[in-house]
Amino acid sequence: MISDTALSRYDLHFAQAPNAGSVWLVEDGTGAKGSSSADADAASAAHLDALVAQHGPFQGIVAYSQGTAEAAAYLSRNSSGFSWVIAFSGYLPTTHTGVMQRIESAGVLPQRAYVYAGCNDPIVSLSMSVGFGERFSDSYVDVDNCGYHVVTAASASRAVDFIEN
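Scoring rules and cut-offs
Residues numbered from 1 in each chain as written. Predicted model: local features only at pLDDT ≥ 70, side-chain atom pairs only at ≥ 80, totals over all residues. Heavy atoms only, no water. Buried < 20%, exposed > 50% of the residue type's maximum accessible area, 1.4 Å probe, protein only. Helix = DSSP H or I, 4+ residues; strand = E, 2+ residues; numbered from the N terminus. Contact = heavy atoms within 4.5 Å. Pairing = 2+ DSSP bridges. Axes fitted to C-alpha atoms, helices over the stretch in contact; angles between N-to-C directions. Phe/Tyr/Trp six-rings, centres within 6.5 Å; stacked < 30°, edge-to-face > 60°.

1. What about helix H3 (residues 97-105)?
Buried within H3 we find Gly-98, Val-99, Met-100, Arg-102 and Ile-103. Residues of H3 that are buried make contact with helix H2 (66-77). Residue Gly-107 follows H3 closely and has a positive phi angle near 75°.

2. Digging into the sheet that holds strand E1 (residues 60-64)
An order of E1-E2-E3-E4 is seen for the 4 strands of this open sheet, with the pairing classed as parallel. A single partner strand is all that each edge strand has here, and the edge strands are E1 and strand E4 (136-144). If you compare each strand with its neighbour and ignore which way they point, the axes differ by 10° on average. Pairing analysis gives 5 bridges linking strand E2 (residues 84-88) to strand E3 (residues 109-118), with the strands arranged parallel. Across the sheet, residue Ala-87 finds its bridge partner in E3, namely Val-115. Across the sheet, helix H5 (residues 153-164) touches E2, E3 and E4, and the angle it forms with E2 is around 175°.

3. Here we look at the environment of Arg-77
Tracing the backbone through its elements, the reader meets Arg-77 in helix H2. Spatially, the C-alpha atom of Arg-77 lies 9.8 Å from that of Val-99, the residues being 22 residues apart in sequence.

4. Topic: the packing of aromatic side chains
Applying the stated criterion across every chain yields a total of 6 aromatic pairs. For the ring pair Tyr-114 and Tyr-140, a centre distance of 6.0 Å and an interplane angle of 40° mean the geometry is tilted. Taken as a pair, Tyr-114 in strand E3 and Tyr-140 in strand E4 lie far apart in primary sequence, 26 residues in all. According to the relative accessible area criterion, Tyr-114 is buried, its value standing at 1%. Taken together through their ring pairs, the aromatic side chains of Phe-88, Tyr-114, Tyr-116, Tyr-140 and Phe-162 make up a single cluster.

This is how it looks when you write it as structure tokens:
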């Protein structure tokens, strides 16, 4: 596990998804998957903008699973101010075509990225995590050959090292 002092010099703020059921981007049941709307994540973006306005600026974003898709979507709107991204089980929102078009139009994002990928992850494949990493100017994909969807203590420790180096 990460020691209590490993992150003690950082001021952490935790964003919860604004939608019912803690879903980032858009509700899957609304027919938004496959949508051509580039603003399908507008509610999530406004929610994060308010968090940044109230508590920011922030050096980076730490995200897990579905939060990684929103992190990429958010940074495609405005990537200024963030130096790095940590993505545990990271992937891009490929089923949201409009959001993906905006992410692709943004080009390579300027942040450094640490991406954890578990080879045995039944939800996010290794290729999905590699694809996430490729959207950033400098990325390291940490492949855990025995890992699953959960964040391991070892990968969390390497993520802290990534922030500090």
